[in-house]
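Chain by chain, the residues:
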Amino acid sequence: MSCLFCSIVSGDIPSNKVYEDELVYAFYDIDPQAPVHFLVIPKEHIPSAGAVTPENSAVVAHCFEVIAKVTKELGITDFRVVSNCGLQAGQSVPHLHFHVLAGRDMTWPPG
Ligand code: AMP
Ligand code: ZN
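(A) Structural detail: the sheet that holds strand β4 (residues 80-82). Read across the open sheet, the 5 strands follow the order β1-β2-β3-β5-β4; overall the sheet is antiparallel. Every interior strand has two partners, whereas the edge strands, β1 (17-20) and β4, have only one. The mean angle between the axes of side-by-side strands here comes to 20 degrees, regardless of whether they run parallel or antiparallel. Relative to strand β5 (residues 98-102), strand β3 (residues 36-42) runs antiparallel, the two sharing 5 bridges. Looking across to β5, one finds that Leu39 is bridged to His99. Relative to the sheet, helix α2 (residues 58-74) contacts β1, β2 (24-28), β3, β4 and β5, its axis offset from that of β3 by approximately 150 degrees.

This is the structure in structure tokens:
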């Protein structure tokens, strides 16, 4: 099965890496929606937030540890974490990812 983000994890498709460990990969979004916009993804292929289970949820907690660590390292205190799930919510890549957006005022509710 071909998956864009699995190909980024494997290095078959290049990316601008922010962070990597054995479980998680983080890289800058190719189409940034804020001055800082990177994605944190589990290396394991999980299709979306709707596919998180007791068996795979530990990596989700780890994603949030990575978000806290990387934002701290970048000197970012105020940021937004977004995970779009499904076409109506705007998910375009069916591999679980957390957008981390920072560096500008954020509106609420999101569009
Ligand atoms: P979503 O639309 O919520 O599924 O988020 C997918 C995100 O992946 C979008 O913000 C895209 O700009 C981003 N994206 C797509 N292809 C790449 C790529 N090759 N490298 C980095 N980010 C990408
Ligand atoms: Zn994948």
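There's more to say after this.
(B) Spotlight on the coordination of the zinc ion (ligand 2). Cys3 (SG), Cys6 (SG), His45 (ND1) and His95 (ND1) make up the full set of protein donors to the zinc ion (ligand 2), lying at 2.0 to 2.3 Å. In the primary sequence, the donor residues of the zinc ion (ligand 2) line up as C-x2-C-x38-H-x49-H. Separated by 89 residues along the polypeptide, Cys6 in helix α1 (residues 4-10) and His95 in the loop between β4 and β5 bring together distant segments of the chain. Here Cys6 falls in the partly exposed class, since its relative accessible area comes to 24%.

(C) How the structure looks around the site of ligand 1. The full set close to ligand 1 counts 16 residues, and Asp29, Asn84, Ser92, His97 and His99 are the nearest of them. Asn84 has a polar side-chain atom sitting 2.8 Å from an oxygen atom of ligand 1. Here an oxygen atom of ligand 1 sits 3.0 Å away from a polar atom, N or O, in the main chain of Gly90. Here ligand 1 loses 84% of its free accessible area of 500 Å² to cover by the protein chains.

(D) Spotlight on the pattern of salt bridges. A complete count under the given rule lists 3 salt bridges for this structure. Salt-bridge contacts for Glu20 lead to Lys17; the nearest nitrogen and oxygen are separated by 2.8 Å. Using a relative accessible area of 45% as the deciding quantity, one classes Lys17 as partly exposed. The closest approach of N and O atoms between Lys43 and Glu20, which form a salt bridge, is 2.8 Å. Placement of the pair is Lys43 in the loop between β3 and α2 and Glu20 in strand β1, with a sequence separation of 23 residues. Exposure remark for Lys43: the relative accessible area of 23% places this residue in the partly exposed category. Since its relative accessible area comes to 34%, Glu20 is described here as partly exposed.

The rules behind each value
Residues numbered from 1 in each chain as written. Chains lettered and ligands numbered in written order. Predicted model: local features only at pLDDT ≥ 70, side-chain atom pairs only at ≥ 80, totals over all residues. Heavy atoms only, no water. Pairing = 2+ DSSP bridges. Helix = DSSP H or I, 4+ residues; strand = E, 2+ residues; numbered from the N terminus. Axes fitted to C-alpha atoms, helices over the stretch in contact; angles between N-to-C directions. Contact = heavy atoms within 4.5 Å. Donors = N, O, S within 2.8 Å, 3.2 Å for Na, K, Ca; no water. Buried < 20%, exposed > 50% of the residue type's maximum accessible area, 1.4 Å probe, protein only. Near = heavy atom within 4 Å. Polar contact = N/O pair within 3.5 Å; in protein donor to acceptor, adjacent residues only side chain to side chain. Areas by Shrake-Rupley, 256 points an atom, 1.4 Å probe, with all protein chains shown as cover. Salt bridge = Lys/Arg side-chain N within 4 Å of Asp/Glu carboxyl O.

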